[in-house]
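For reference, the chains in residue letters:
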Amino acid sequence: MSSNLAPTRLHYRPEAIWNARHAFFEQGISPEGLVHEAVLRSWRRCSDSGHAADEPVDFQPVERVHVARLLEDHQALLAAAQPELVDLASSVRDAGYAVMLTDRRGSVLAVDGAIAQRSTPLRLAFRPGVDLSEAAIGTTAMSVAIQEAQPARVLGAEHFYTDTQIFHCSAAPVFDPHGDVVAVVDVSRDMPGQVDSTLWLAARCAQRIERRLFRTLRAGIHVEIDAGSGTCSEAAGSGAWLAFGPDGDLLAANRAARGLMGLPPGALSLHFDEVFVERFGTWMSALRRMPSGAPLRLQDGVRLRALPLDGIGVTAAPTRATIGARPERAVPTLPAPSATPEFGDARLAREFGRALRAVAAGLPLLVSGETGTGKEVATRALHAAGARSNGPFVALNCAALPGELLAGELFGHVEGAFTGSRRSGAAGKIEAAHGGTLFLDEIGDMPLTLQVALLRVLDGREVVRLGCHRPRPVDVSVVCATHRDLAQLVRQGLFREDLMYRLCGHTLHLLPLRERRDFDAVLDTLLQRCGAEPSRVGPALRAVLRTRPWHGNVRQLANAVQRAIALAEPGADLTLEDFGVSEVPCQASAGGSGLMHMAADQVIDAAMQQCEGNVTQAARLLGIGRATLYRKLARRTGAAC
């Protein structure tokens, strides 16, 4: 556990707290030693803002549009936090505690645990979108943790406002890969109790979220630093993490690593060789040979040891984007397995097994499918289940960069190769994937000039950096993906025919969600990832969701599930309205109306059966008006829809 774990109080001493309140609020005296200094500083900030302790606290209603925007802005954080929040909630739910995640401003992002049966104030506070900042509700464990950048607990009367003294809270900050507070994990209930354990659990959860965030940072290698003797392991829990680029640039160092190594706060502009005695290339080679971790020496002679966080040279494509800023659009898909995954669709399982055998035989693989079907997820699973699982997995989106930059990213470059090139040059993704898997997404968007160079790499098993003439041998397994028809691109003169045949040693086609037979299994997995019980989606709603086209496939469904859980009342059954579906299909274009009516009839039948014939309840479940449902029922007996 992080060394900055500094509890605000070892025991709940209500007499001392009330004496402190009397001194501070009635006598204007600073109650030194009666409450923690961090709590006292929060009281002063609230008082200096012109607020009085007896002012009412109002947990404002939250607009759905605001919640949806808030969740979209913090997709990276939520993706990393959800599995850990579910685990934390399972530990404290039976003791009556609720858990939440807030952003750095104190806005609630996610909740779990014992909420539905607790008091009204707790249920009102534990809703996504609610503002729980110090400015809104005064002193809380969350606000203290944000301000002090360390774990904190605020118990009962330590809260500034009288209305919030029902709460007993423990909170721990979550730091981003650069050491800045990005969120807070909170464990609370509306009665006194043993809080030492909850503070520890909150801090542990926060650190696990930090670890997940750090591993999503795009880098050549993520390592954990430990003392020079012994081995470094997750159990050691040093929590000091570094991320290096393929050429040794220090991309990120978390808070613990900066403290350990004396690195300054803020952006870093350092190379591995400026920090450590070893040379980067030599050290990386040693790291590959030493599963127990490779030794390191700081420039001042201090000996350390490093162990990869996620496998040698793994390049983790950022599942969301820069943490703490507005992320680029990306959403959670089914988690990448660490071995051969289990499928609810026999066709997918069979095709995955065939693809695994093709890769094992050295055949280049093309993964095809619509946007959002999980092409990178499938490729990562193939890598993890194959013989190269101990090597790097390096991903590059060929549609994300213009031609010149894409060439530099893929093949590497020497100094001065092009405008904006790195001073000392840099290795490309092909070199970074040596000994592992190179995943080229959207290969159909690669410019023709680069296609020629890629073909040479595949045929000659060597790469030449831009601006250089010396080839470098590489050993990579190449997997490409596209949602486009390569044969059609060849006919249009946009893709080389010889490269198409070279890439298509075997093709793994991923079915769109609407054609998969495991829709319910996918839905249940996504619900559980968001901390919701699958039973919250009843048969009628499932029938509706199965009829949706889901043009964005699993990615779109994941977004819809996350939105529904955030907007629904805690613990309540989800409805069509929560999923953003406003109407059961009723009309369709000519030629398809009969099928659409049949699908709508099945949905309505399921809803009526689930609600035991109660039209009002069935309409609410379907997310439509009662009069609309009556019209649809009447249409089935001969009236017009």
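Right, let's walk through the structure included here. Numbering of residues begins from 1 in every chain and follows the order in which that chain's sequence is written. In keeping with the model being predicted, local features are shown solely for residues with a pLDDT of at least 70 and side-chain atom pairs are shown and tallied solely at 80 or more, while totals for entire chains, interfaces and linings include all residues. Here the side-chain values reflect all heavy atoms present in the structure, with hydrogen atoms and water set aside.

### With respect to the overall build of the protein
Inclusion rule: Strands here mean DSSP runs of E at least two residues long; helices mean DSSP runs of H or I at least four residues long; both are numbered from the N terminus. Buried, partly exposed and exposed residues are distinguished by accessible area as a fraction of the type maximum, computed with a 1.4 Å probe on protein chains only: under 20%, between the cut-offs, and over 50%, respectively. Any two residues whose heavy atoms approach within 4.5 Å at even a single point are treated as in contact. Throughout, the Shrake-Rupley method with a 1.4 Å probe supplies accessible areas, and for residues the shown protein chains are the sole cover considered.
The helix and strand tally for the protein stands at 24 helices and 18 strands. Burial status across the protein gives 53% buried among its 641 residues. Partitioning the intrachain contacts of the protein with sequence separation of at least 6 by distance along the chain shows that 65% fall at a separation of at least 24. Carbon together with sulfur atoms contributes 51% to the accessible area of the protein, which is approximately 27,900 Å² in total.

### Focus: the packing of helix H19 (residues 519-529) against helix H21 (residues 553-567)
Put simply, the test is: Here an axis means a line fitted to C-alpha atoms, over the contact stretch when the element is a helix, while the angle between two N-to-C directions is reported on a 0 to 180 degree scale. In this scheme, roughly parallel covers angles under 35 degrees and roughly antiparallel covers those over 145, while 65 to 115 is roughly perpendicular and the rest are oblique. Take the far helix as your reference; a near helix turned counterclockwise from it by less than a right angle gives a left-handed crossing, and one turned clockwise gives a right-handed crossing. Asp, Glu, Lys and Arg are counted as charged, while Ala, Val, Leu, Ile, Met, Phe, Trp, Tyr, Cys and Pro are counted as nonpolar; the rest, among them Gly, fall into the polar class.
Relative orientation of the contacting elements H19 and H21 amounts to 50°, with a least axis distance of 10 Å. One finds that H19 runs oblique with respect to H21. In this structure, the crossing between H19 and H21 has a hand that is right-handed. Along its contact with H19, which presents Phe-519, Val-522, Leu-523, Leu-526 and Leu-527, the element H21 presents Val-554, Leu-557, Ala-558, Val-561 and Ile-565. Its residues placed into classes, the contact of H19 with H21 shows 10 nonpolar, no polar and no charged.

### Some details on the nonpolar core
Note the threshold: Residues belong to a common nonpolar core when they are buried Ala, Val, Leu, Ile, Met, Phe, Trp, Tyr or Cys residues joined through side-chain atoms within 4.5 Å.
If you look at the biggest cluster of nonpolar residues, it comprises 37 residues, and the most contacted ones within it are Leu-557, Val-561, Leu-574, Phe-579 and Leu-629. Those elements giving two or more residues to this core turn out to be H19, helix H20 (539-547), H21, helix H22 (593-610) and helix H23 (615-622). With 7 residues, H21 is the single largest residue contributor to this core. Those residues in contact with Leu-557 that sit more than four places away from it in its chain are Leu-513, Phe-519, Val-522, Leu-523, Leu-526 and Trp-550. One finds Ile-115, Leu-122, Ala-125 and Tyr-161 within the second-largest nonpolar core, a separate group that totals 33 residues.

### A few points about the packing of aromatic side chains
Selection rule: Pairing of aromatic rings covers Phe, Tyr and Trp, the last through its six-membered ring, and needs centres within 6.5 Å; plane angles under 30 degrees mean stacked, over 60 mean edge-to-face, and all others mean tilted. Working rule: Lys NZ or Arg CZ, within 6 Å of ring centre, within 35 degrees of ring normal, means a charge sits over the ring.
By the definition in use, this model includes 14 aromatic pairs. Note on Phe-244 and Phe-272: the rings are 5.3 Å apart at their centroids and 70° apart in plane angle, and the pair reads as edge-to-face. In this pair, Phe-244 sits in strand S7 (residues 240-244) while Phe-272 sits in helix H10 (residues 272-275), placing the two residues 28 residues apart along the sequence. On the accessibility criterion, Phe-244 (1% relative accessible area) is buried. Classification of Phe-272 by relative accessible area gives buried; the value is 0%. Among the aromatic residues, those joined into a ring-pair cluster are Phe-24, Phe-25, Trp-43, Phe-160 and Tyr-161. Directly above the aromatic system of Trp-43 lies the positively charged group of Arg-21, at a separation of 5.6 Å from the ring centroid.

### Structural notes on the side chain of Arg-21
Inclusion rule: In this tally, Lys and Arg are treated as positive and Asp and Glu as negative; His is ignored, and so are the chain termini. Any Lys or Arg side-chain nitrogen found within 4 Å of a carboxyl oxygen on Asp or Glu counts as a salt bridge. In protein, a polar contact requires one atom able to donate a hydrogen and another able to accept it; more generally it is a pair of N or O atoms within 3.5 Å, and residues adjacent in sequence count only if both atoms are side-chain atoms.
Position of Arg-21 relative to the elements: it lies in helix H1 (residues 14-26). Of the side chains with opposite charge, Glu-26 lies nearest to the buried Arg-21, which makes no salt bridge, at 7.7 Å. Within polar-contact distance, the side chain of Arg-21 engages the backbone oxygen of Ala-157 at 2.7 Å. Apart from residues lying up to four places away in sequence, Arg-21 is in contact with Glu-26, Trp-43, Ala-53, Ala-157, His-159, Phe-160 and Gln-165.

### Some words on the environment of Phe-24
For Phe-24, the location among the structural elements is in helix H1. With relative accessibility at 16%, the residue Phe-24 sits in the buried group. Phe-24 sits 20 residues away from Arg-44 along the chain, and the two C-alpha atoms are 9.2 Å apart. Non-local contacts of Phe-24, meaning those with residues more than four positions away in its chain, are made with Ile-29, Pro-31, Leu-40, Trp-43, Arg-44 and Ser-47.

### Regarding the pairing of strand S4 (residues 168-175)
To keep things clear, this is the line we draw: Should DSSP find at least two bridges between two strands, the strands are taken to pair.
For S4, a buried count of 8 out of 8 residues is recorded, marking the element as mostly surrounded by other parts of the structure. Across 4 bridges, strand S3 (residues 152-155) lies against S4 in antiparallel orientation. Bridging from a neighbouring strand, Arg-153 pairs with Ser-170 of S4. Bridge count for S4 against strand S5 (residues 181-189) is 8 bridges, and the pairing is antiparallel. Note on S5: the bridge partner recorded for His-168 is Arg-189.

### Brief notes about the state of the cysteines
Stated precisely, the cut-off is as follows: A pair of cysteine sulfur atoms is labelled a disulfide when the two atoms are within 2.5 Å.
With the rule as written, the count across this model stands at 0 disulfides. Between Cys-504, a free cysteine, and Cys-480, which holds the nearest cysteine sulfur, the sulfur-to-sulfur gap is 8.3 Å. A relative accessible area of 28% means that Cys-504 is categorised as partly exposed.

### Looking at the sheet that holds strand S13 (residues 393-397)
Overall, parallel pairing links the 5 strands, which are arranged S13-S14-S17-S12-S18 in an open sheet. Two strands close off the open sheet at either side, each with one partner strand: S13 and strand S18 (506-509). Between one strand and the next, the sheet's axes are offset by a mean angle of 20°, whatever the strand orientation.

### Focus on helix H7 (residues 141-148)
Taking burial as the measure, the 8 residues of H7 include 6 buried ones, the bulk of the element. The complete set of buried residues in H7 reads Ala-141, Met-142, Ser-143, Val-144, Ala-145 and Ile-146. Against the buried residues of H7 lie helix H2 (37-48), strand S1 (98-103), helix H6 (134-137), S3, S4 and S5. Taken from the residues just after H7, Ala-149 is the one with a positive phi, measuring 55°.

### Things to note about the pattern of salt bridges
Under the definition given, this model contains 24 salt bridges. Between Arg-208 and Asp-87 there is a salt bridge, with its nearest N and O atoms 3.5 Å apart. Of this pair, Arg-208 sits in helix H8 (residues 196-216) while Asp-87 sits in helix H4 (residues 75-92), placing them 121 residues apart in sequence. Given a relative accessible area of 31%, Asp-87 falls into the partly exposed group. Linking Arg-380 and Glu-376 is a salt bridge whose minimum nitrogen-to-oxygen distance equals 3.1 Å. In this pair, Arg-380 and Glu-376 are both assigned in helix H13 (residues 375-385), 4 residues apart and thus about one turn of the helix distant. Look at the salt bridges and you will find they share partners, linking Asp-520, Asp-524, Arg-542 and Arg-546 into a network.

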